[in-house]
Amino acid sequence: MNAPFPQLVVAPPRHFVPAQAAPSQQPGLRRLGLGAPLAWGWVLGPGLLLLYWSVLSATGWLDPRILPAPWTAVETAIELIRDGRLQDNLAVSAWRAAQGLVFGTTIGVVLALLSGLTLLGGYVIDGLVQLKRGIPVLALIPFMVLWFGVGEGMKVTVIAVTVFAPVYIQTHAALRAIDLKQVELAETLELSRWGFIRHVVLPGALPGLLTGLRFGVTASWLALVVVEQLNATSGIGYMITLARNYAQTDIMLVGLVVYALLGLTSDAVVRLIQQRALRWRRTLAS
Amino acid sequence: MSAVVQVRGLIRRFTRKGVLDGIDIDIAGGEFVALLGRSGSGKSTLLRALAGLDHEAEGTGTILVPERLSVVFQDARLLPWKRVLDNVLLGLTGPDRQARGLKALDEVGLAGRENSWPYELSGGEQQRVALARSLVRGPALLLADEPFGALDALTRIRMHALLRRLSEVYNPAVLLVTHDVDEAIELADRVVVLDDGKIVADIRVALPPDGIARRERTAALQHELLGLLGVAVDASTSPYARSERIPA
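Thresholds, definitions, all that
- Residues numbered from 1 in each chain as written.
- Chains lettered and ligands numbered in written order.
- Predicted model: local features only at pLDDT ≥ 70, side-chain atom pairs only at ≥ 80, totals over all residues.
- Helix = DSSP H or I, 4+ residues; strand = E, 2+ residues; numbered from the N terminus.
- Buried ≥ 20, exposed ≤ 12 C-beta atoms within 10 Å, placed from the backbone.
- Contact = placed C-beta atoms within 7 Å.
- pLDDT = per-residue confidence, 0-100.
- Nonpolar A, V, L, I, M, F, W, Y, C, P; charged D, E, K, R; others polar.
- Pairing = 2+ DSSP bridges.
- Axes fitted to C-alpha atoms, helices over the stretch in contact; angles between N-to-C directions.

> Would you take a moment to explain the overall build of chain A for this structure?
A count of helical and extended segments in chain A gives ten helices and zero strands. Start at the N end of chain A and walk to the C end: the helices and strands fall as α-α-α-α-α-α-α-α-α-α. Within chain A, the proportion of its 286 residues that are buried is 28%. Partitioning the intrachain contacts of chain A with sequence separation of at least 6 by distance along the chain shows that 74% fall at a separation of at least 24.

Rendered as structure tokens:
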């Protein structure tokens, strides 16, 4: 073929990209943020611990006199539920913790507002709270017994006093960190003091409050253990103390597991509240 | 028209920044005034004084402003934890507040976005919400502190048209702080130039409606204002200077 002119060939351009090219094949930037979180992702850690414990118990590496197997705990728990001891004691404990948590959180938030929004409040309250932080709960208990007796009032007070500190500190810090620009906005919109607190201060301090609440919830269970093992005739702590006297390691273990589950559940609840209440935020974790 | 804003002998000194050195200014009802000046000339200080936001300032002088007064800041300042409509309604009272808020959102072209979170909006949309929030109160005076400064050029043009239209509807007196000469000429009835805490010029814009005369007047104003701001205008390179030579 001797064509007078070079054959015209329509070649695809050098950088031709087929339309079907999968987007995933295109080089992207390294993602530094996190991917979409799994709803039950946090179960992995506790699950691994359970697996490790089961393997050690099943292979006989773990002496049941030192730590009974997980299934022993489950069997004992079922027995305790059958004769009603577990749920009765659990209800008592949960009620104590809940009361302490409510009082402690309320006191923490109110004190944080007073100390964060007024200069005088800041001078008076903040120093006192810092002093209180330095005193361990255990050291306070003899005085608490002296002041409030050995009844429920003392127990709830100890828990409330333990809870209020982290709630106060986190709320106060978040409140003081509220952007001055938002304060100016509230001024130009002529919000009342209460309107300012309701629309600007509380929502702005809410992330801190919820962080404080997470610490507070965990702290409330700790305080509960202390007061129940010290002087009580009911509750999970009492159940554990009683079991210790008779060397019933399986019941002690059930008590521990219940404490752990309570801690984990309450923390999950607060985290759920956090997710729901802070939907307006876009962060690394969202 | 009688003045809704009267400032006499206003002196402000700050330890941090900004001074005002004897400001006298009147703004009539419905008048659109642009306050032009370099950084540090005191233009934001004057606006904050009128808004009553300068708590820590020391100074003297009298300020008379209407009770119904709104401020638009450079950033939209939406509360991130409130949905768009709740941001607009913040601090608003009255039985029909909901309806008024929705109407204001409609006027800034954001009908149907009332349930969005602020982070879901673009910068221009957020600033439109801020505009709705300030207009829904029916202000007699609107104070705007470089409200378009953080927006991209195209969005700014659209916002100019929107602000002009809305200020015709609501007819507040407007004090717009800006350092953008073109923005001042396009929007304002009057341009006040501030330098080192003093008013150095007070110019009526008075643009003719007709195309060429308008362009000439614009170019002359640009030249004058840039000169006042201390920007040397080179006749051979400046687009402002060139536009003066458009044949009639």
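Picking up where we left off.
> Is there a simple way to think about the confidence of the model for chain B in this case?
Detailed reading of the predicted coordinates is not advisable wherever pLDDT is low. Residue and element names in this part refer to chain B. Predicted confidence across chain B gives a mean pLDDT of 87, with 91% of residues reaching 70 or more. Mean pLDDT per element in chain B: helix 8 (residues 239–243) is the minimum at 49, and helix 2 (residues 84–89) is the maximum at 95. Counted against residues more than four places away or in other chains, residues 241–248, with its pLDDT under 50, gives ten contacts.

> Explain the interface of chain B and chain A to me, please; I cannot follow it from the model alone.
Accessible area lost upon the coming together of the parts serves often as the stated size of an interface. Contacts between the two partners involve twelve residues from chain B and, on the opposite side, 16 residues from chain A. Split into classes, the residues belonging to the side of chain B that touches chain A amount to nine nonpolar, one polar and two charged.

> What am I meant to see in the pairing of strand 5 (residues 69–72) of chain B here?
Side-chain direction in a regular strand flips from residue to residue, so the side chains alternate between the two faces of the sheet. Residue and element names in this part refer to chain B. By the alternation rule, side chains of strand 5 split into Leu69 and Val71 and Ser70 and Val72, which are all buried. Pairing analysis gives four bridges linking strand 5 to strand 6 (residues 141–145), with the strands arranged parallel. Among the inter-strand pairings, valine 72 is bridged to a residue of strand 6, identified as alanine 144.

> Whenever I open this one, the sheet that holds strand 6 of chain B confuses me. Can you help?
Through backbone hydrogen bonds, the strands of a sheet pair up, either in parallel or in antiparallel fashion. Residues and elements named next belong to chain B. Spatial ordering of the open sheet is given by 5-6-7-3-8-9, a layout of six strands whose pairing is mixed. Of all the strands in the sheet, the pair left with one neighbour each is strand 5 and strand 9 (198–204). Here the average twist between neighbouring strands, direction ignored, is 15 degrees. Direction of pairing for strand 8 (residues 190–195) relative to strand 9: antiparallel, over a ladder of six bridges. From the neighbouring strand, valine 192 faces strand 9, where its bridge partner is aspartate 202. In the packing of helix 4 (residues 123–135) onto the sheet, the strands contacted are strand 5 and strand 6, and the crossing angle to strand 5 comes to about 170 degrees.

> Would you explain unusual backbone geometry in this entry?
For residues other than glycine, phi is negative in most cases, and the peptide bonds are mostly trans. In this structure, glutamate 190 of chain A is a non-glycine residue whose phi angle is positive, near 55 degrees. In this structure, glutamate 190 of chain A sits in the loop between helix 7 (180–188) and helix 8 (193–230). Backbone geometry at alanine 206 of chain B places phi at a positive 40 degrees, although glycine is not the residue there. For alanine 206 of chain B, a count of 9 C-beta atoms within 10 Å corresponds to the exposed category.

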